[in-house]
Amino acid sequence: MMKRNIRYLMVVFMAVVMLFGLNGCSINAQVETEPIVIEVEDGQTVEEVENKQIVEQDNSGWIEGTAPNEEHSDIEKASSGEDLDKVVPSAADDDWYMKGNIYTDDKGNRLEVFFNDYGVLEFAVNGLSMYITTVDNFQQENNWKVYTCDDGTIIGYFPGEPAHIEIGDGDYAGLYEEQ
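Here we summarise the structure given alongside this text. Given the structure is predicted, the values throughout are model-derived calculations rather than measurements. (Residues numbered from 1 in each chain as written. Predicted model: local features only at pLDDT ≥ 70, side-chain atom pairs only at ≥ 80, totals over all residues. Heavy atoms only, no water.)

A word on the overall build of the protein chain
What counts here: The way it works is that DSSP assigns letters per residue, a run of H or I at least four long becomes a helix, a run of E at least two long becomes a strand, and they are numbered from the N terminus. Each residue's exposure class comes from its accessible area (1.4 Å probe, protein chains only) as a fraction of the maximum for that residue type: buried when under 20%, exposed when over 50%, partly exposed otherwise. Note on contacts: a residue pair qualifies if any of its non-hydrogen atoms lie within 4.5 Å across the two residues.
Within the protein chain, the regular secondary structure consists of two helices and 13 strands. Counting all 179 residues of the protein chain, 23% fall into the buried class. Once local pairs closer than 6 in sequence are excluded, the contacts in the protein chain between residues at least 24 apart make up 24%.

With respect to a nonpolar patch on the surface
Spelled out, the test is: Like-charged residues within 9 Å of one another, or nonpolar side chains (Val, Leu, Ile, Met, Phe, Trp, Tyr) within 5 Å, are grouped into patches, provided each residue has over 30% relative accessible area and no salt bridge. Surface accessibility in these figures is a Shrake-Rupley result with a 1.4 Å probe; residues are shielded only by whichever protein chains are displayed. Any carboxyl oxygen of Asp or Glu that lies within 4 Å of a side-chain nitrogen of Lys or Arg is treated as forming a salt bridge with it.
A grouping of Tyr8, Leu9, Val12 and Val16 is seen on the molecular surface, where their side chains present a nonpolar patch of about 390 Å² in accessible area. Structurally, Val16 is set in helix α1 (residues 2-29). For Val16, a relative accessible area of 37% gives the class partly exposed.

A short note on the pattern of salt bridges
All told, the structure shown has one salt bridge when counted by the stated rule. A salt bridge links Glu112 to Arg110, with the shortest nitrogen-to-oxygen separation between them at 3.7 Å. Residue Glu112 is classed as buried on the basis of its relative accessible area, which comes to 18%. By relative accessible area, which is 39% here, Arg110 ends up partly exposed.

As for the pairing of strand β11 (residues 154-158)
Test applied: Any two strands with at least two DSSP bridges between them are considered paired.
Here four bridges tie strand β10 (residues 144-148) to β11, and the two strands are oriented antiparallel to one another. Each residue of the ladder has a partner; that of Lys145, found in β11, is Tyr157. As consecutive antiparallel partners, β10 and β11 are separated by five residues, and within that stretch Gly152 has a phi angle of approximately 90°, a positive value. Sheet topology note: the β11/strand β12 (residues 164-167) ladder contains four bridges and is antiparallel. Residue Tyr157 lies in a different strand from β12, and its bridge partner there is Ile165. The hairpin formed by β11 and β12 contains five residues between the paired strands, and Gly160 there has a positive phi angle of roughly 150°.

A few points about the side chain of Glu112
Residue position: Glu112 is located in strand β6 (residues 110-115). Discounting residues that sit within four places of it in the chain, Glu112 has contacts with Asn101, Ile102, Glu122, Phe123 and Ala124.

Thoughts on the side chain of Glu178
Note the threshold: The charge count includes Lys and Arg as positive and Asp and Glu as negative, but it does not include His or the ends of the chains. By the criterion applied in these results, polar contacts are pairs of N or O atoms within 3.5 Å in which, for protein atoms, one can donate a hydrogen and the other can accept it, and in which residues neighboring in sequence qualify only through two side-chain atoms.
You can see Glu178 is positioned in strand β13 (residues 174-178). Within the buried set, Glu178 has no salt-bridge partner at all; the shortest N-O distance to an opposite charge, 5.6 Å, is to Lys99. Side-chain polar atoms of Glu178 contact the side chain of Asn101, separated by 2.4 Å. Contacts of Glu178, omitting those with residues within four sequence positions, involve Asn101, Ile102, Tyr103, Gly160, Pro162 and Ala163.

Observations regarding the packing of aromatic side chains
Threshold: Each Phe, Tyr or Trp ring (for Trp, its six-membered ring) is paired with any other whose centre lies within 6.5 Å, and the angle between the two planes then decides the class: stacked below 30 degrees, edge-to-face above 60, tilted in between.
For the structure on display, the rule yields six aromatic pairs. Taken together, a centroid distance of 5.0 Å and an interplanar angle of 40° make the contact between Tyr97 and Phe115 tilted. Note that Tyr97 is positioned in the loop between α2 (70-80) and β5 (102-104) and Phe115 in strand β6, a separation of 18 residues in sequence. Both rings, one in Trp144 and one in Phe158, keep their centres 5.4 Å apart while their planes meet at 70°; by these two values the pair is edge-to-face. Here the residue Trp144 occupies a position in strand β10, and Phe158 occupies one in strand β11, the gap between them amounting to 14 residues. An aromatic cluster of three or more residues is present, and its members are Trp96, Tyr97, Phe115, Phe138, Tyr147 and Tyr157.

Structure follows, in structure tokens:
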């Protein structure tokens, strides 16, 4: 008899706990707030509720989405770097090596860039091919292109007026300016 009472009490206890648990979830889901209605062009309306839930209405029906949290959006942008000015690569800079420009450094060294049909770039310093790489062997940082040559030398191309090429190491390391 005692075992039956204990089982009965356990079943009742579990049922009560489950009911309170389910009821607690439904109470939070049923919170209603008064929406702010914003009218936009083309007969559409947007309702914004306090919890930043957005409901849009057009001729086809209602569409729900979540609005960004305005109070944290500036902080999130700053921490993610979204608010920083980003340099957008120019499509004209993708084939910079085909221009055949000449670059010089402050020591009087002359750098020429040659391109052949097989996608090979040759960087010739003072008329000698010193560094060889391929067109697709680069990393892009903003609109700079950084090439790794066969011998491990790093060469960076910096577009602008005037454009610059920097040789990372070796006897001819330095910054070369377009002429």
